[in-house]
Every structure is written in structure tokens, then in C-alpha cells.
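Examination of the molecular architecture
Residues per chain, in single letters:
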Amino acid sequence: MIEDRLLARLGWVLPALTISLSTLVHIISGDYRAFPFFISEADYPGLQRIIFTGGFTLTGLVLIYLSWRLFQVNKNHTRWYWMHLSMLSGIFVGINLIIMSFMDMYDHVELHVATALNVFHFGLAWGVLTHLAMNNARPKSKRLRYISISLGFIAFVGMSYAISLGLKVYPEYIDGNWDFDKMQPWINWAAPMEYLLAASFMFTLASFESDIIPKEEEE
């Protein structure tokens, strides 16, 4: 079995590497449509798709197990009702991330958008619920979650607002079948917000590194 702290570290290192490498390959290959682009646009046929799908599938499996271990380690000295909800949110995030990794935005746009939104929504919920559950968490973890959750909400609101402005101009795209070139003026704002949202989630996951080790064992 994987050691708990390594498991927690993999929870944020894997998605960080997946996003960075798939985006970099997408740019270097010349397959990118415009810049900046959404994270999922790197799920393009070729090496970048292999990195994207493989990386997020593995990340999803790690997050499912991480949410379970975080619950097991902390269930006896936290607010149990919030801790149960935290575990369920983490498992739901992992499942949706795996589905999203296979349902690319080019061929399965509706399911891709639905699972991506689930990852964003429940990723934020996972951080909030874990923070509420761990009233006696280490100060370092608490501070990191204050920052990450605040950034997450700011990024999500900013991304949603930018997209909504574009959909006001092109209401026919509300069903998800966008002409990305026409939407690019608003993607210029929404895409960086999406990267910031992903980074905030990884900061939340990084905060679990301390909390997954019981204080008595660390001492």
C-alpha cells in the first residue's frame, strides 16, 4: 500500500504535471487553436491526449483513495458529519475526473462539460467540507485552505462571468456547441481563470499532506 503522505502529494503533483505537460505538448505541436485556451483543449488527438487521459485517469483513482484515507485517519477527532460529506465529495470528484478524461470536449462536449463542472463544484466543496470538519487541523493546513478556497471562488466566479458575457452575444452557444474562435475574446479572460481554479484545487490538495498524518504519529 502507498504511504499516506506520498498519496497526498501525488494528489496534487499528478494533476499539476498532467496539465503542464499536456498544455506544453499542445503548444509545441502547433495544434492549439488560439492562445490562451482552456485546459481541456489540450485533450487533442496525439501525444497530448495520451498525457491528458492517462494523467487524469490516474489522478482520479488517487483522489478516490485519498478521500477515503483522509476520512479513515481523521474520522475519530473531527466533526464526523462534515468528514463523511468530505469523503463523499472527494470520491465524486475522482469519479468525474476519470469520466472527463475519456470524454474529450471535441467528440463528447455535453458529458465533458457536465463532468468538468462536477469536478470544479465538488472540488471546492471538498475543500470547504474538509476545512469545516477539521476544526483542530494544523495552522499551516488551515492557512493554505483559506488561500486556496478563496482563490477558487474568485476564479470560478471570474470564469463564469466571462463566459456569460460571451453567451449574451452568442446565445445560440448556450447548448455547449461553441464556435471557439468567435468566443475567443471572452476565452481570453475565462481560460486564465480556469487555470487559476485548477491551481487553487491543487493548493487545497496540498493542504491534505499534513492532515493525513495523525498528530500523535508525527510526534
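Summary of the structure given here. Each residue is numbered by its place in its chain's sequence as written, counting from 1. This being a predicted model, a pLDDT of at least 70 is required before a residue's local features are given, and a value of 80 or more before pairs of side-chain atoms are given or counted; all residues contribute to the totals for chains, interfaces and linings. Calculated side-chain values reflect all of the structure's heavy atoms, with hydrogen atoms and water omitted.

Attention shifts here to the overall build of the chain. Counting its regular elements, the chain contains 7 helices and 0 strands. Along its sequence from the N terminus, the chain presents helices and strands in the succession α-α-α-α-α-α-α. Values of the radius of gyration come from C-alpha atoms, whereas the globule rule sets the reference at 2.2 Å times the count of residues to the power 0.38. Against the globule reference of 17 Å for 219 residues, the chain gives a C-alpha radius of gyration of 18 Å, in line with a compact fold. For the chain, the spread of C-alpha atoms along the three principal axes comes to 55 × 35 × 25 Å. Here's how the labels work: a residue is buried when its accessible area is under 20% of the maximum for its type, exposed when over 50%, partly exposed in between, all with a 1.4 Å probe on protein chains only. Considering the chain as a whole, with its 219 residues, one finds that 49% of them fall into the buried category. The contact criterion used throughout is that any non-hydrogen atoms of two residues lie within 4.5 Å. Look at the contacts in the chain between residues 6 or more apart in sequence, and 74% of them connect residues 24 or more apart. Working note: accessible area of the chain is about 10800 Å², and carbon and sulfur atoms make up 69% of it. Each helix is a run of DSSP H or I of at least 4 residues and each strand a run of E of at least 2, with the numbering of both proceeding from the N terminus. Computed with the Shrake-Rupley method and a 1.4 Å probe, the accessible areas treat only the protein chains shown as cover for residues.

In this analysis, rings of Phe, Tyr and Trp, with Trp reduced to its six-membered ring, are considered paired at centre separations within 6.5 Å, and the interplanar angle assigns stacked below 30 degrees, edge-to-face beyond 60, and tilted for intermediate values. Under the defined criterion, the tally for this structure stands at 14 aromatic pairs. Ring geometry for tyrosine 44 against tyrosine 106: centres 5.5 Å apart, planes inclined by 80°, an arrangement best described as edge-to-face. Of the two residues, tyrosine 44 is situated in the loop between helix H1 (4-28) and helix H2 (47-74) and tyrosine 106 in the loop between helix H3 (80-102) and helix H4 (109-133); the sequence distance between them amounts to 62 residues. The partly exposed category is assigned to tyrosine 106, whose relative accessible area is 37%. An aromatic cluster of at least three residues, connected via ring pairs, comprises Tyr32, Phe35 and Phe37.

For the rest of this paragraph, the subject is the side chain of threonine 130. With respect to the element layout, threonine 130 can be found in helix H4. We classify threonine 130 as buried; its relative accessible area is 0%. A polar atom in the side chain of threonine 130 sits 2.7 Å from the backbone oxygen of tryptophan 126. Non-local contacts of threonine 130, meaning those with residues more than four positions away in its chain, are made with Leu70, Ser86 and Phe208. Each polar contact in these results corresponds to two N or O atoms within 3.5 Å; when the atoms are within protein, one needs to be able to donate a hydrogen and the other to accept it, and residues that are neighboring in sequence are counted only if both atoms are side-chain atoms.

Here the focus is H1. Multiplying 1.5 Å by the helix residue count minus one yields the expected span of that helix. With 25 residues, H1 ought to run about 36 Å at 1.5 Å a step, and its terminal C-alpha atoms sit 36 Å apart, in line with that. To get the bend at a residue, fit one axis to the 7 residues ending there and another to the 7 starting there, then take the angle between the axes. Of all the bends in H1, the greatest measures close to 30° and is centred on leucine 10. Among the residues of H1, those classed as buried are Asp4, Leu7, Ala8, Gly11, Leu14, Pro15, Thr18, Ile19, Ser22, Thr23, Val25 and His26. A distance of 3.2 Å separates the backbone nitrogen of arginine 5 from a side-chain oxygen at the start of H1, and that oxygen is part of glutamate 3.

It is worth spelling out unusual backbone geometry at this point. In this model, phenylalanine 35 is joined to proline 36 through a cis peptide bond whose omega is 5°. As for its placement among the helices and strands, proline 36 is situated in the loop between H1 and H2.

Residues Ile27, Tyr32 and Phe35 make up a contiguous nonpolar surface patch of roughly 300 Å² in combined accessible area. With respect to the secondary-structure elements, phenylalanine 35 resides in the loop between H1 and H2. In this structure phenylalanine 35 comes out as exposed when scored by relative accessible area, which is 59%. Patch membership is restricted to residues that have no salt bridge and whose relative accessible area is over 30%. Joining uses 9 Å for like charges and 5 Å for the nonpolar side chains Val, Leu, Ile, Met, Phe, Trp and Tyr. For this document, the term salt bridge refers to a Lys or Arg side-chain nitrogen within 4 Å of an Asp or Glu carboxyl oxygen.

Core analysis: the biggest nonpolar cluster contains 31 residues, and Leu63, Leu66, Leu70, Trp126, Leu205 and Ile212 have the highest contact counts within it. Among the elements that take part in this core, H2 stands out by supplying 8 residues, more than any other. The definition of a nonpolar core used throughout is a set of buried Ala, Val, Leu, Ile, Met, Phe, Trp, Tyr and Cys residues joined through side-chain atoms within 4.5 Å. Among the nonpolar cores identified, the runner-up in size contains 19 residues, and Phe180, Trp186, Ala190 and Leu197 belong to it.

From the geometry alone we can't say anything about function, so treat these as descriptive.
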